[in-house]
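Chains, contacts and geometry: an overview
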Amino acid sequence: MEKAVIYTSSTCPYCTMAKDYFKEKGVDFEEKNVQTDPEARSELMEKGYTGVPVIVLGGEEIVGFDKSKLEKLLDK
């Protein structure tokens, strides 16, 4: 599976949970912090989202930390 992308902010507890989950599962991910990276913020807004986390995995966009949905995608 390709590397996951997680759009985060510095103060988001669900973002931290998502990153910890991926580390536990050994999933490579790229973090894009919309608070510190204007380019990441623009990308997220172009996708139509204003909140974080948004996780892009396996061609799917998941809003929020949805563990069961992530597990289904990782089991493919």
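Residues numbered from 1 in each chain as written. Predicted model: local features only at pLDDT ≥ 70, side-chain atom pairs only at ≥ 80, totals over all residues. Heavy atoms only, no water.

**Topic: the overall build of the protein chain**
We count it as follows: Per the convention used, a helix needs a DSSP run of H or I reaching at least four residues, while a strand needs a run of E reaching at least two, with both numbered from the N terminus. Our radius of gyration looks at C-alpha atoms and nothing else; its globule reference is 2.2 Å times the residue count to the power 0.38. Only protein chains enter the calculation, and the probe is 1.4 Å; a residue is then buried if its accessible area is under 20% of its type maximum, exposed if over 50%, and partly exposed in between. Contacts are assigned to residue pairs with any non-hydrogen atoms lying within 4.5 Å of each other.
Tallying secondary structure elements over the protein chain gives 3 helices and 4 strands in all. Ordered by position from N to C terminus, the α and β elements of the protein chain give β-α-β-α-β-β-α. Its C-alpha atoms give the protein chain a radius of gyration of 11 Å, near enough to 11 Å, the size a compact globule of 76 residues would have. Its C-alpha atoms put the protein chain at 30 × 20 × 20 Å along the principal axes. Buried residues in the protein chain amount to 37% of all 76 residues. Taking all contacts inside the protein chain whose residues are at least 6 apart in sequence as the whole, residues at least 24 apart take part in 59%.

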